[in-house]
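Observations on chain architecture
For reference, the chains in residue letters:
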Amino acid sequence: LGDAAAAAVAALNLPLNSLSLHQTHLTAVGAEALAAWEGCSGLQSLRVGDNPLGADGVRTLAAAVPSGSLQELHGLQSGDTGLQALLDGGHLGQEAKLSENALSDVGLRALVEHPQARQVQVLDLCDNPGITAEGLQGLAESAGLPALAVLSADHDLSAVRNSPQSSAFLRFSESSAVPPSLGNAGHMTHRRRWGVAAEHSEICLELQVARSGQALQ
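Keep in mind it's a predicted model, so treat the numbers as computed, not measured.

Here we take up the overall build of the protein chain. Scanning the protein chain for helices and strands turns up seven helices and nine strands. Relative to its full complement of 217 residues, the protein chain shows a buried share of 47%. Restricting to contacts in the protein chain with at least 6 residues of sequence separation, those with at least 24 account for 62%.

This is how it looks when you write it as structure tokens:
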């Protein structure tokens, strides 16, 4: 559906402000079709999450659309090369949700060294097996993410939380229980989240507040 839809949009050649192709099996082939579309350069929002674009597809779209308009950057299997293209294209905003992108510690180093990283407040690195605890430690000790407030990852983050450099941007308390005051408004999801990790649990808990969308302060 994704590649065919991309080709159809390109063929219609309509002036669009936004386009959502989320979870449509869009690949690098469809990315090429979109990039050839005259209206691609005028898009203010292109949502592409949960599509197997790979590094080539991400590179193609990152260069074809205006800076900051490529959105929903999770589940792209873009690798470190794709992440570099997103950074260079100015597509990382305050919330950088980069889960399931086949990233490694190499990509993390590129991230913290790039000027785009300075605005990132929420960083989701879950489901990237190539990222190690050592890579996360390096991220915590870097000065490249001064605005970072929340980090999600697939490792025990106790060592990261204890880093002197990380103390400025810890946001959540050390707890794995839903506060009674939230009642039924809170629900748990299986994520390892900085500041909410249980000390000896492999699966840590991320608290989200349903409906209101407010984060636990």
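Alright, that's what it looks like, and here's the rest.
Looking now at the nonpolar core. If you look at the biggest cluster of nonpolar residues, it comprises 44 residues, and the most contacted ones within it are L123 and L125. When residues of this core are traced back to their parent elements, those giving at least two are helix 1 (2-12), helix 2 (28-36), helix 3 (54-64), helix 4 (79-88), helix 5 (105-112), helix 6 (133-141) and strand 6 (150-153).

Before going further, it helps to examine the pattern of salt bridges. Within the structure shown, the criterion is met by two salt bridges. Between R59 and D56 there is a salt bridge whose closest N-O contact spans 2.3 Å. Linking R59 with D56, this pair stays in helix 3, spanning three residues, or about one helical turn. Among the residues examined, D56 registers a relative accessible area of 46% and is labelled partly exposed. Note that K97 and E95 form a salt bridge whose closest N and O atoms lie 3.6 Å from each other. Its relative accessible area of 43% is what places K97 among the partly exposed residues.

Let us look at the confidence of the model for the protein chain. When the pLDDT values of the protein chain are averaged, the result is 77; 71% of them are 70 or greater. Every residue in residues 166-217 is under pLDDT 50, and counting partners more than four places away or in other chains gives 102 contacts.

This part takes up the sheet that holds strand 2 (residues 45-47). Sheet architecture is open: three strands sit in the order 1-2-3, paired in parallel fashion. On the outer flanks of this sheet lie strand 1 (18-20) and strand 3 (70-71), each paired with one strand and no other. Strand direction decides the pairing type here: strand 1 and strand 2, joined by three bridges, are parallel. Bridging from a neighbouring strand, S18 pairs with S45 of strand 2.

In this section: the pairing of strand 6. Taken residue by residue, a regular strand's side chains alternate between the two faces of the sheet. Residues V150 and S152 of strand 6 are buried on one face, and the alternating residues L151 and A153, pointing to the opposite face, are buried as well. As judged from the three bridges shared by strand 5 (residues 122-124) and strand 6, these two strands associate in the parallel manner. Directly across from D124, in strand 6, lies its bridge partner S152.

In this section: helix 1. Three or four residues apart is the spacing at which side chains of an α-helix point the same way, because the helix has 3.6 residues per turn. Those residues of helix 1 lying buried are G2, A6, V9 and A10. Taken around the axis of helix 1, the buried residues stretch over an arc of 100 degrees, which confines them to a single face. The exposed set on the far side of helix 1, more than 90 degrees from its buried face, consists of A4, A11 and L12. Where helix 1 is buried, its residues touch strand 1 and helix 2. Of the residues flanking the end of helix 1, it is N13, one or two places downstream, whose phi is positive at about 55 degrees.

Moving on: the packing of helix 5 against helix 6. What describes two packed helices is the angle between their axes and the distance between those same axes. Where helix 5 meets helix 6, the axes come as close as 9 Å, and the angle between the chain directions of the two elements is 5 degrees. It follows that helix 5 is roughly parallel to helix 6 by the angle criterion. On helix 6, the residues touching D105, L108 and V112 of helix 5 are G135, L136 and L139. For the contact of helix 5 with helix 6, a count of residues per class yields four nonpolar, one polar and one charged.

On the secondary structure map, S99 appears in the loop between strand 4 (95-97) and helix 5. In this structure, S99 is in contact with H74, G75, D124, C126 and N128, ignoring residues within four places of it in sequence.

Basis of the calculations
Residues numbered from 1 in each chain as written. Predicted model: local features only at pLDDT ≥ 70, side-chain atom pairs only at ≥ 80, totals over all residues. Heavy atoms only, no water. Helix = DSSP H or I, 4+ residues; strand = E, 2+ residues; numbered from the N terminus. Buried < 20%, exposed > 50% of the residue type's maximum accessible area, 1.4 Å probe, protein only. Contact = heavy atoms within 4.5 Å. Core = buried A, V, L, I, M, F, W, Y, C linked by side-chain atoms within 4.5 Å. Salt bridge = Lys/Arg side-chain N within 4 Å of Asp/Glu carboxyl O. pLDDT = per-residue confidence, 0-100. Pairing = 2+ DSSP bridges. Arc of directions from axis to C-beta. Axes fitted to C-alpha atoms, helices over the stretch in contact; angles between N-to-C directions. Parallel < 35°, antiparallel > 145°, perpendicular 65-115°, else oblique. Nonpolar A, V, L, I, M, F, W, Y, C, P; charged D, E, K, R; others polar.

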